[in-house]
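Each chain, letter by letter, is given below.
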Amino acid sequence: MKKVLFETVIGLEIHIQSKTKSKMFCSCNAEYFEAEPNSHTCPTCLGLPGALPVPNKKAIDLCIKTALSLNCRINKETKFDRKNYFYPDLPKGFQISQYDKPIGIDGVLEVETEEGFKAIRITRVHQEEDTGKSTHTNGLTYLDYNKSGVPLIEIVTEPDFRNKQEVTSFAKSLKQLVKYLNVSDANMEKGQMRFELNISLRKIGEKNLPSYKVEVKNIGSISVLEKVIDFEIMRQESILTSGSIPTQETRGLRDMTGETYSQREKESESDYRYFPEPDIPLISISDDHIESIRKEIPELPYSKKARYIKDYHLDKKIAQILSSKPGIYLEFEQLIANSSTKIVPEIAKLYTGEYFAIQKTNKRHKEFKLEWLIDLCQLIIDGRLTRSTVKDVLLKSYLNGTSPIETVEKEDLGIVTDSEVLEQIINEVIINNPKVIEDLNKNSNAIMFLVGQVMRQMKGQADPNIIQKLIKTKLGINTK
Amino acid sequence: VKNIDRKTILKISKLANIEITEDEVEIYSKQIEEILQYVNKLNRVKKEETSFQSHTNLKNIFRDDISKTSLSSSEALQNRSKKIKDNLFIITEVLNR
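What you are looking at is a predicted structure, and each value in this text was computed from that prediction instead of being measured.

A.B. asks: Help me understand the interface of chain A and chain B, please; the structure alone is not making it clear to me.
C.D. replies: When the parts of a complex come together, some accessible area is lost, and that lost area is often used as the size of the interface. Between chain A and chain B, the residue contacts involve 53 residues of the former and 38 residues of the latter. Both sides of the chain A and chain B interface together cover about 4,100 Å² of buried area, and 58% of this is carbon and sulfur. For chain A, the biggest contributors to the area lost against chain B are Tyr142, Pro281 and Leu282 of chain A; these three give 14% of the whole. There are two salt bridges connecting chain A and chain B. Notably, a salt bridge pairs Lys59 of chain B with Glu77 of chain A, separated by 3.3 Å at the nearest N-O pair. Our enumeration of links across chain A and chain B arrives at 23 residue pairs in polar contact (both at pLDDT 80 or more).

Printed below as a string of structure tokens:
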């Protein structure tokens, strides 16, 4: 039998916990992680009768900011809706969410893939509230409502992903984006970023969406997300190859291996009986307000990386590291603020290479002035320091709190320009290696061995080009 | 045309998490049917003449992001069932969603 080749069709729903002090609709503390159970609750988030939800202004603004940076249009007239269902993690009997007027619609996020950049369309970005936490053991369900009412931003994509790599790249970009914007810490260990996967397969060449869709909820990490995709592709492929069509259903996650299982039938959308939340008046977002939020959006990681490569001719990997976090790019941009463009690649290399390595392994150190990195670069450019001694100078400078120039002088680490010392060593090396000198006629590369010997005795504090010239002069070899 | 049959009533009862008796199925079928017929009048209104209107003239009612003291856990748990463990609400096990 001819093997049928399938293509994966994936859409994502992502929930991101907004970085606010208080909950979405009440003033309870939103920081629930490891807090005493049921210590961050009030009549509103416990769903007690008569409580009135009042939206958190900051949370709405963070949602607008996220939507804007995902290139969404903003619904200037927006509202909240009730999504009704009975489950004890929602004591009100409904979740306050958004239905037909989400804050953001029709966005796009470009992600880096193996074949270059790909645009993933964003269907919607809306604001809602988290539910409480339920745990089940021995016939009982235990409930903690500290998480109930914590603001969540939901981002829904179109089914634009065709493989696991695209999904992973998107998830990482989105995580970086919301951290960049200071919208969320997106700490997955704390459940601040969660995924829902919609996955199905179709024959290669088929243009229409598959006739079924499998949903997997509550995926708490990118590595598990990858495993679930692998598992579902295998499972669905074997059903399709046998001539059947996989059931349209919601599947649960058995454990961290990515294996899924069929869950009981869930409510369909009409069963949620969405209707406008009568306790919260309509929301109008003015153009002025949208623009003021747009102004707060910093240059985003992808643009920053592209600019570093274009303007400073930086290596792709170095540009990636530099644009990855505000803590890094802010420091780097401050560092190069007054330097000429020419030396930026050298500074970037030193900063992300030797400097990061030393910083990581030496927790205890004296005060190190960042601009010393520029002095260090200047020493290299002026030929006063060789690449091999840079790390040594930087380490001593870092540990002792002395400037590189001071360190070089004090520790005698600079390039030896005293030709007498150098000449003496070269003479010794020539006398001690008669065989190599003989070889020189047949193999001109043998001279590098001599240079190496001299460099070793000089402990790297000499310029190899100068040594080579000196040796050639000594031996009467033409130095053109 | 009848909109409500026995099956629909049982489904609503399930979604609402309220058990009803056979007699009640009859009663509610009739009542809900009547309500629906009445509300159906809305369908005769032309769509372009309507837009979503709020029941209030209020708009943009927000609060600043300030966290205030919550109820103490003992206050929050006042109406809990008799069982108690680690300040958690405890109920008969419900299936995992």
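A.B. asks: Explain the packing of aromatic side chains to me, please; I cannot follow it from the model alone.
C.D. replies: Ring pairs (aromatic) are described by centroid distance and by the angle formed between their planes. According to the stated counting rule, one finds 18 aromatic pairs over all chains in the structure shown. Judged by centre distance (6.2 Å) and plane angle (85°), the ring pair of Tyr355 of chain A and Tyr398 of chain A falls under edge-to-face. Here the residue Tyr355 of chain A occupies a position in helix α8 (residues 344-361), and Tyr398 of chain A occupies one in helix α10 (residues 387-400), the gap between them amounting to 43 residues. Here Tyr355 of chain A falls in the buried class, since its relative accessible area comes to 5%. Overall, Tyr398 of chain A belongs to the buried group, its relative accessible area being 3%. Feature note: the residues Tyr308, Tyr312, Phe332, Tyr351, Tyr355, Phe356, Phe368, Trp372 and Tyr398 of chain A constitute an aromatic cluster, connected by ring pairs. The positively charged end of Lys57 of chain A is found above the aromatic ring belonging to Phe62 of chain B, 5.8 Å away from the centroid.

A.B. asks: When you look at unusual backbone geometry in this model, what are you seeing that I'm missing?
C.D. replies: Excluding glycine, residues mostly have negative phi values, and the peptide bonds linking residues are mostly trans. Residue and element names in this part refer to chain A. Despite not being glycine, Asn71 shows a phi value in the positive range, around 60°. If you trace the backbone, Asn71 turns up in the loop between α1 (57-69) and β2 (73-74). With relative accessibility at 47%, the residue Asn71 sits in the partly exposed group. Residue Asn218 is not a glycine yet carries a positive backbone phi of 55°. Along the chain, Asn218 falls in strand β12 (residues 214-219). What makes Asn218 exposed here is its relative accessible area of 59%.

A.B. asks: Explanation requested: the sheet that holds β12 of chain A in the structure shown.
C.D. replies: All names here are of chain A. Across the sheet, nine strands lie side by side as β2-β6-β7-β10-β1-β11-β12-β13-β14; this open sheet has mixed pairing. The strands lining the two open edges of the sheet, one partner per strand, are β2 and β14 (260-262). Direction of pairing for strand β13 (residues 249-253) relative to β14: antiparallel, over a ladder of three bridges. Considered in β14, the bridge of Leu253 is made with Thr260. The strands that helix α2 (residues 164-180) touches are β1 (6-17), β6 (104-113), β7 (116-129), β10 (151-157) and β11 (193-203); relative to β6, the one it contacts most, it runs at about 115°. Packed onto the sheet, helix α3 (residues 222-241) meets β1, β11, β12, β13 and β14 and runs at close to 25° relative to β11.

A.B. asks: What is the right way to look at α3 of chain A in this model?
C.D. replies: Since one α-helical turn is 3.6 residues long, residues separated by three or four positions face the same way. Residue and element names in this part refer to chain A. Counted at 1.5 Å a residue, the expected span for α3 with its 20 residues is 28 Å, and the 28 Å between its end C-alpha atoms agrees. Inspection of α3 places Ile222, Val224, Leu225, Val228, Ile229, Glu232, Arg235, Gln236 and Leu240 among the buried residues, and these make up the whole buried set. Relative to the axis of α3, the buried residues are bounded by an arc of 145° and lie together on one face. Its buried side turned inward, α3 meets β1, α2, β11, β12, β13 and β14.

A.B. asks: Please clarify how the pairing of strand β8 (residues 133-137) of chain A should be interpreted in this entry.
C.D. replies: In the case of a regular strand, side chains alternate between the two sheet surfaces. Residues and elements named next belong to chain A. As paired strands, β8 and strand β9 (residues 140-144) are joined by five bridges and run antiparallel to one another. Opposite Lys133, over in β9, you have Asp144 as the bridge partner. What sits between β8 and β9 in their antiparallel hairpin is a turn of two residues, with Asn138 showing a positive phi close to 45°.

A.B. asks: So what exactly am I meant to see when it comes to empty space enclosed by the protein here?
C.D. replies: Where empty space is left in the structure can be found by rolling a water-sized probe over the atoms. Residue and element names in this part refer to chain A. Under the definition given, this model contains two cavities of 30 Å³ or more. Here the largest cavity is characterised by a volume of approximately 40 Å³. Contributing to the lining of the largest cavity are Gln17, Ala30, Glu31, Tyr32, Phe33, Lys190 and Gln192. Classifying every residue of the lining of the largest cavity by side-chain character gives three nonpolar, two polar and two charged.

A.B. asks: What is the right way to read the packing of helix α5 (residues 301-312) of chain A against helix α6 (residues 316-323) of chain A from this model?
C.D. replies: Axis angle and axis distance: for two packed helices, these are the angle between their axes and the distance between the axes, and together they describe the pair. Residue and element names in this part refer to chain A. Two numbers describe how α5 lies on α6: the axes approach to 9 Å, and their chain directions differ by 140°. The pairing of α5 with α6 is recorded here as oblique in orientation. At the point where α5 passes α6, the crossing takes the right-handed sense. Packed against α5, whose contacting residues are Pro301, Lys304, Lys305, Tyr308 and Ile309, the element α6 presents Lys316, Ala319, Gln320, Leu322 and Ser323 at the interface.

A.B. asks: Teacher, can you tell me more about the environment of Tyr302 of chain A here?
C.D. replies: All names here are of chain A. Here Tyr302 is to be found in helix α5. Judged by relative accessible area, Tyr302 falls into the partly exposed class, the value being 43%. Put simply, Tyr302 and Glu110 are 192 residues apart on the chain and 8.6 Å apart in space, counted from C-alpha to C-alpha.

A.B. asks: Help me understand the sheet that holds β8 of chain A, please; the structure alone is not making it clear to me.
C.D. replies: Note on sheets: strands pair through backbone hydrogen bonds, and any given pair is parallel or antiparallel. In space, the three strands of this open sheet follow the order β8(A)-β9(A)-β1(B), with antiparallel pairing throughout. Across the chains shown, the open sheet's two edge strands, defined by having one partner strand only, are β8 of chain A together with β1 (89-92) of chain B. Neighbour to neighbour, the strand axes of the sheet diverge by 25° on average, direction disregarded. In this structure, β9 of chain A lies alongside β1 of chain B, joined through four bridges in antiparallel fashion. Directly across from Thr141 of chain A, in β1 of chain B, lies its bridge partner Ile91 of chain B.

A.B. asks: Mind showing me how you'd approach the packing of helix α1 (residues 6-15) of chain B against helix α2 (residues 22-39) of chain B here?
C.D. replies: All names here are of chain B. Two elements in contact, α1 and α2, have axes separated by 10 Å at closest approach and are oriented at 105°. Judged by the inter-axis angle, α1 sits roughly perpendicular to α2. Counting all contacts with α1, which are made through Arg6, Ile9 and Leu10, the residues of α2 involved are Glu22, Val25, Tyr28, Ser29 and Ile32.

A.B. asks: Would you mind going over a nonpolar patch on the surface with me for this structure?
C.D. replies: A cluster of nonpolar side chains, contributed by Ile35, Tyr38, Val39, Leu42 and Val45 of chain B, occupies part of the molecular surface with about 510 Å² of accessible area. Locating Val39 of chain B in the fold gives a position in helix α2.

A.B. asks: Where do I start with the side chain of Thr168 of chain A in this structure?
C.D. replies: Residue and element names in this part refer to chain A. Note on placement: Thr168 falls in helix α2. Since its relative accessible area comes to 8%, Thr168 is described here as buried. Side-chain polar atoms of Thr168 contact the side chain of Glu226, separated by 3.0 Å. Other than its neighbours up to four places away in sequence, Thr168 contacts Ile222 and Glu226.

Cut-offs used in this document
Residues numbered from 1 in each chain as written. Chains lettered and ligands numbered in written order. Predicted model: local features only at pLDDT ≥ 70, side-chain atom pairs only at ≥ 80, totals over all residues. Heavy atoms only, no water. Contact = heavy atoms within 4.5 Å. Buried area = accessible area lost by both parts, 1.4 Å probe. Salt bridge = Lys/Arg side-chain N within 4 Å of Asp/Glu carboxyl O. Polar contact = N/O pair within 3.5 Å; in protein donor to acceptor, adjacent residues only side chain to side chain. Phe/Tyr/Trp six-rings, centres within 6.5 Å; stacked < 30°, edge-to-face > 60°. Helix = DSSP H or I, 4+ residues; strand = E, 2+ residues; numbered from the N terminus. Buried < 20%, exposed > 50% of the residue type's maximum accessible area, 1.4 Å probe, protein only. Lys NZ or Arg CZ within 6 Å of the ring centre and 35° of its normal. Pairing = 2+ DSSP bridges. Axes fitted to C-alpha atoms, helices over the stretch in contact; angles between N-to-C directions. Expected span 1.5 Å × (residues − 1). Arc of directions from axis to C-beta. 1 Å grid on protein atoms, 1.4 Å probe; cavity = no way out; pocket = protein on both sides within 12 Å on 5 of 7 lines; lining within 4 Å. Points joined across faces, edges and corners; volume = space filled by probe spheres on them. Nonpolar A, V, L, I, M, F, W, Y, C, P; charged D, E, K, R; others polar. Parallel < 35°, antiparallel > 145°, perpendicular 65-115°, else oblique. Left-handed = near helix turned anticlockwise from the far one by under 90°. Patch = residues over 30% accessible without salt bridge, like charges linked within 9 Å, V, L, I, M, F, W, Y side chains within 5 Å. Areas by Shrake-Rupley, 256 points an atom, 1.4 Å probe, with all protein chains shown as cover.

Remember, this is a structural readout, not a statement about activity or role.
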